[in-house]
Amino acid sequence: MLHRLHRLSSAPKLGLKSLHSAIIHNLNVESESSFESINPATSISVGSVSNCSHQETLSAIESAHDCFKVFKGSLHSSRAKLLIDWADAIMKNNRKVAELVTLEMGKPFSESLGEVNYATSFLYHFAAQIRSGLTGEVLTPGMAHWRPINIKQPVGPVVTITPWNFPVAMVTRKAGAAIAAGCSVINAPSEDTPLVSLCLAKLAVEAGFPPGLFNVLPSCIENKPMIGKILCEDPRISALSFTGSTPVGKLLSKQCADTVKRVHLELGGNAPLVVFESADIDRAVDGTMMAKFRNAGQACNAANRILVQRSVYAQFLEKLAAKIAKLKMGNGLEKGVSIGPLVNSKAHKKVSSIVDGSLAFGTTNLDVISGNQEKSAGEEPFYTPVILSCQENNHLPIFHEEIFGPVAAIYSFDSEAEAVEMANNTRYGLQAYIFTKDMAQSWRVSENLECGMVAVNEGAISSANNPFGGWKESGIGREAGHLGIDEFTEDKLICFGL
């Protein structure tokens, strides 16, 4: 493999200037071209990054393939130690990593720091899980002289394609599970946050990862389709784990089909947040602020359609507007900022298009309520947090689109049955939120909602202990929890004849 790599040097010490090259086989690999990582708050380059292409992709595949041949037989305790040492290295540099997150994608520093802590929790979780072993089964024999057992083994080299909105946590949640299972990993990060993944790779090398266990292939958006196609079609890659848009997930799934790869997809969402008249309205408002405006609404499980029972609609709207007015928008590294920019101008244009398209319908009972912000909606990529009071207008385009921005679209309903029907009226099924003090209602509604996760009286439920994943066009498989490692294992029956 090494003869394919060019202009190599040992992985440098952690620092912005050192994080420009791809990491393959624990080596610093420079490509023939580069691209810039841009700070969305300032439009200034954070750094120049190697723009990987065909050659680097093949080198990473060979590195991961060679590593897997040895690593698949490693002791579970040694895998756990690697994950713990990686997590410790990240936490030792938590403020540097958090600052890099804010520089590359714009979220407030406090949120970035929280993400780093959240990200390492997955590594500690998978380390504890794998230390106790991958559990097999002793099966009931079909013949008197048979003794059948089922064991779990690592699936093989894994590709993880990760998004920009949680650039630390999405890497550790995928790679941590894969490594715990005994797999090697190639990470292809978003073109918006390549330096974060390279930073994690550097810390992995410092933590003692063997060559080829964790490789990072940064590239510009123009090279992404080519790299993705190579990774999906190469028979040496055994599994793909992707977080991103539903259309891209469908394309990658098709590209993996010819080699029948294990595919895990965490895709788009159109999460309903339902507030019943029995709810604690203040708690519902606080939960909505978390579910809708965390990360400026740029989350696949963000509350996208806020459904409020008509009897408490006005009260909820008033309280939510008061909370939104207190948000401070600006550069995420500035003190007191609670909401940053959208990741880029393209994202700003998409959100503006969704809102403008709905307003263009000229329907009645549609009101716009904006917060009082220093940054205006016209200063791309900053987007002023806004409420769209849609009331009964669930025919608007915004009802069916994933907003991915700080826009709270609020609709009214009269009955529980109507709320469930509205909530399920989408091709997505990632997460839902419900607020009610009626326990029986919470059970009924939770069971009838067509989604993979339901948060009851909470604005956030994602953790290392909870499985994460959706139904319908929101994806396939689960991450984290007790199911995360299973995505990267194969079952094998061994039957002994006595």
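The notes below deal with the structure included here. Predicted model only: the values in this text are computed from it and were never measured.

Structural notes on the overall build of the protein chain
A tally of helices and strands in the protein chain yields 14 helices and 23 strands. The globule rule puts the C-alpha radius of gyration for 498 residues at 23 Å, and the 23 Å found for the protein chain is close to it. Along the first, second and third principal axes, the C-alpha atoms of the protein chain reach 70 × 65 × 40 Å. Classification of the 498 residues of the protein chain by burial places 58% in the buried group. Taking contacts inside the protein chain between residues at least 6 apart in sequence as the whole, the part at least 24 apart equals 73%. Taking the average location of the 45 positive side-chain charges in the protein chain and that of its 49 negative ones, the two points are 6 Å from each other.

Brief notes about the environment of Lys202
With respect to the helices and strands, the residue Lys202 is situated in helix 6 (residues 194-206). The buried category is assigned to Lys202, whose relative accessible area is 6%. Sequence separation of Lys202 and Ser353 is 151 residues, and the distance between their C-alpha atoms is 39 Å.

Focus: helix 1 (residues 54-71)
A rise of 1.5 Å per residue sets the reference length of helix 1, with its 18 residues, at 26 Å; its end C-alpha atoms lie 26 Å apart and thus fit the reference within 8%. Among all positions of helix 1, only Glu56, Thr57, Leu58, Ser59, Ala60, Ile61, Glu62, Ser63, Ala64, Cys67, Phe68 and Phe71 are buried.

Quick look at the sheet that holds strand 6 (residues 137-138)
What the three strands build is an open sheet, ordered 6-7-23; its pairing is antiparallel. Of all the strands in the sheet, just strand 6 and strand 23 (489-497) have a single pairing partner and so form its edges.

With respect to the nonpolar core
Ranked by size, the top nonpolar core spans 130 residues in total, and within it Trp86, Phe214 and Phe316 carry the most contacts. Tallying contributions element by element places helix 4 (residues 109-131) first for this core, with 10 residues. Once residues within four sequence positions are removed from consideration, Phe214 is found in contact with Ile23, Trp86, Val171, Ala175, Val185, Asn187, Ser197, Leu200, Ala201, Ala204 and Phe209. Membership of the second largest hydrophobic core comes to 25 residues, among which are Leu58, Ala60, Ile237 and Leu240.

Topic: the environment of Val49
If you trace the backbone, Val49 turns up in strand 5 (residues 45-50). Relative accessible area serves as the criterion here: at 1%, Val49 is assigned to the buried category. Those residues in contact with Val49 that lie beyond four places of it in its chain are His20, Ser33, Ser34, Phe35, Ser37, Pro194, Leu195, Leu198 and Pro218.

Describing the packing of helix 2 (residues 76-92) against helix 6
A packed helix pair is summarised by two numbers, namely the angle formed by the two axes and the spacing between the axes. Following both chains from N to C, one finds helix 2 and helix 6 inclined at 125°, their axes separated by 9 Å at the closest point. Considering their axes alone, helix 2 and helix 6 lie oblique with respect to each other. The crossing of helix 2 and helix 6 is right-handed. Between helix 2 and helix 6, the residues in contact are Trp86, Ala89 and Ile90 and Leu200, Leu203 and Ala204, respectively. Of the residues belonging to the contact of helix 2 with helix 6, the class tally is six nonpolar, no polar and no charged.

Side note on the pattern of salt bridges
Charged atoms that come close allow side chains of opposite charge to pair. Within the structure shown, the criterion is met by 20 salt bridges. Notably, a salt bridge pairs Lys323 with Asp286, separated by 3.1 Å at the nearest N-O pair. Linking Lys323 in helix 10 (residues 313-324) with Asp286 in helix 9 (residues 281-293), this pair joins segments that are 37 residues apart in sequence. Its relative accessible area of 37% is what places Lys323 among the partly exposed residues. Put simply, Glu473 and Arg427 hold a salt bridge, and the shortest N to O gap is 2.7 Å. Taken together, the positions of Glu473 in the loop between strand 21 (471-472) and strand 22 (475-476) and Arg427 in the loop between helix 13 (416-424) and strand 18 (428-429) put the pair 46 residues apart, joining distant regions of the chain. You can call Arg427 partly exposed: its relative accessible area is 41%. Three or more residues joined by partner-sharing salt bridges are found here, namely Arg173, Lys174, Glu266 and Glu479.

Let's talk about the packing of aromatic side chains
According to the stated counting rule, one finds six aromatic pairs in the structure shown. Ring geometry for Trp86 and Phe209: centres 5.1 Å apart, planes at 65°, overall edge-to-face. Note that Trp86 is positioned in helix 2 and Phe209 in the loop between helix 6 and strand 10 (214-216), a separation of 123 residues in sequence. On the accessibility criterion, Trp86 (0% relative accessible area) is buried. On the numbers, 5.8 Å between centres and 85° between planes, the contact of Trp164 with Phe404 is edge-to-face. Highlighted residues: Trp164 in the loop between strand 8 (158-162) and helix 5 (169-181) and Phe404 in the loop between helix 12 (397-400) and strand 17 (407-413), separated in sequence by 240 residues. The exposure class assigned to Trp164 is buried, which follows from its relative accessible area of 15%. Relative accessible area serves as the criterion here: at 18%, Phe404 is assigned to the buried category. Among the aromatic residues, ring-to-ring pairing joins Trp86, Phe209 and Phe214 into one connected group.

Definitions and cut-offs
Residues numbered from 1 in each chain as written. Predicted model: local features only at pLDDT ≥ 70, side-chain atom pairs only at ≥ 80, totals over all residues. Heavy atoms only, no water. Helix = DSSP H or I, 4+ residues; strand = E, 2+ residues; numbered from the N terminus. Rg over C-alpha atoms; globule rule 2.2 N^0.38 Å. Buried < 20%, exposed > 50% of the residue type's maximum accessible area, 1.4 Å probe, protein only. Contact = heavy atoms within 4.5 Å. Lys, Arg positive; Asp, Glu negative; His and termini not counted. Charge placed at Lys NZ, Arg CZ, Asp CG, Glu CD. Expected span 1.5 Å × (residues − 1). Pairing = 2+ DSSP bridges. Core = buried A, V, L, I, M, F, W, Y, C linked by side-chain atoms within 4.5 Å. Axes fitted to C-alpha atoms, helices over the stretch in contact; angles between N-to-C directions. Parallel < 35°, antiparallel > 145°, perpendicular 65-115°, else oblique. Left-handed = near helix turned anticlockwise from the far one by under 90°. Nonpolar A, V, L, I, M, F, W, Y, C, P; charged D, E, K, R; others polar. Salt bridge = Lys/Arg side-chain N within 4 Å of Asp/Glu carboxyl O. Phe/Tyr/Trp six-rings, centres within 6.5 Å; stacked < 30°, edge-to-face > 60°.

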